[in-house]
Every structure is written in structure tokens, then in C-alpha cells.
Amino acid sequence: MMIDEELALLRAHRNNIGRYQRLLKTELTEVERRFIERRLSEERRAIEKLAASAFPLTLRTPKMTIGKATLFMTQADTAN
């Protein structure tokens, strides 16, 4: 896969994470909430897997850092 495609996929996963985080702030049924939380978890795993394969020489960061970075990028996108 080419780097541009990998970056586009990372961006798509990040956007999905932001969307799911916004949805979790709304009023949801328990079933809806569990579904969105599961999708959020899947998106985060997809980012980790893609980042590890796309950039294998980078150092591993703690999961908390990835979550904070994703939140920061999502907030920056919505501010623009």
C-alpha cells in the first residue's frame, strides 16, 4: 500500500473516532451506546494496526497517548 493511501486510511479512522466520540456525548439507548463503544474500540485498533504496519520503525507509544493524540487531532479539526 502506498503511503498516501495509508495516510488517507489513518485519517478516515481518526475521523470515525471523532464521530463516535461526539455520538457518545448524546442521549443514546444502552444498545446504541454499546454498539458505538464497540465501533470506537475497533477503529482505535485499526489505527494501531495500520500505524504499526505503515511505520514499523517508529517507537511504540502507550495507548493513552494515542487516545489523547486522536482527541487533540479531532478537536483541532472541528476548530477549523
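Residues numbered from 1 in each chain as written. Predicted model: local features only at pLDDT ≥ 70, side-chain atom pairs only at ≥ 80, totals over all residues. Heavy atoms only, no water.

A. Just the overall build of the protein, in detail. Within the protein one finds three helices and zero strands. Reading the secondary structure of the protein in the N-to-C direction produces α-α-α. Sorting the 80 residues of the protein into buried and exposed places 21% on the buried side. Of the contacts formed within the protein by residues at least 6 apart in sequence, a portion of 62% connects residues at least 24 apart. Total accessible area computed for the protein in this model is approximately 6100 Å², and 60% of it derives from carbon and sulfur atoms. (Helix = DSSP H or I, 4+ residues; strand = E, 2+ residues; numbered from the N terminus. Buried < 20%, exposed > 50% of the residue type's maximum accessible area, 1.4 Å probe, protein only. Contact = heavy atoms within 4.5 Å. Areas by Shrake-Rupley, 256 points an atom, 1.4 Å probe, with all protein chains shown as cover.)

B. Quick look at helix 2 (residues 30-54). Between its first and last C-alpha, helix 2 extends 36 Å over 25 residues, near the 36 Å set by a 1.5 Å rise per residue. The complete set of buried residues in helix 2 reads I36, L40, E43, I47, L50 and A54. (Expected span 1.5 Å × (residues − 1).)

C. Focus on the nonpolar core. Of all hydrophobic cores here, the largest spans seven residues; its members are L10, I17, Y20, I36, L40, I47 and L50. Elements that contribute at least two residues to this core include exactly helix 1 (3-24) and helix 2. With four residues, helix 2 is the single largest residue contributor to this core. Those residues in contact with L40 that sit more than four places away from it in its chain are I17, Y20, Q21 and L24. (Core = buried A, V, L, I, M, F, W, Y, C linked by side-chain atoms within 4.5 Å.)

D. Expanded view of the pattern of salt bridges. Scanning the entire structure with this criterion turns up three salt bridges. For E42, the salt bridge goes to R39, with nearest N and O atoms at 2.4 Å. With E42 and R39 both in helix 2 and three residues apart, this pair spans about one turn of that helix. A relative accessible area of 23% places R39 in the partly exposed class. Across the salt bridge formed by E43 and R39, the nearest N and O atoms sit 3.0 Å from each other. Taken as a pair, E43 and R39 lie in helix 2 at a separation of four residues, close to a single helical turn. (Salt bridge = Lys/Arg side-chain N within 4 Å of Asp/Glu carboxyl O.)

E. The arrangement of the packing of helix 1 against helix 2 in detail. Remark: helix 1 packs on helix 2, axes separated minimally by 9 Å, with the N-to-C direction vectors making an angle of 155 degrees. Relative to helix 2, helix 1 is oriented roughly antiparallel. Crossing handedness for the pair helix 1 and helix 2: left-handed. Side by side, helix 1 and helix 2 meet where E6, L9, L10, H13, R14, N16, I17, Y20, Q21, L23 and L24 of the first sit next to R33, I36, E37, R39, L40, E43, R44, A46, I47, L50, A51 and A54 of the second. Residues belonging to the contact of helix 1 with helix 2 are distributed by class as follows: 13 nonpolar, three polar and seven charged. (Axes fitted to C-alpha atoms, helices over the stretch in contact; angles between N-to-C directions. Parallel < 35°, antiparallel > 145°, perpendicular 65-115°, else oblique. Left-handed = near helix turned anticlockwise from the far one by under 90°. Nonpolar A, V, L, I, M, F, W, Y, C, P; charged D, E, K, R; others polar.)

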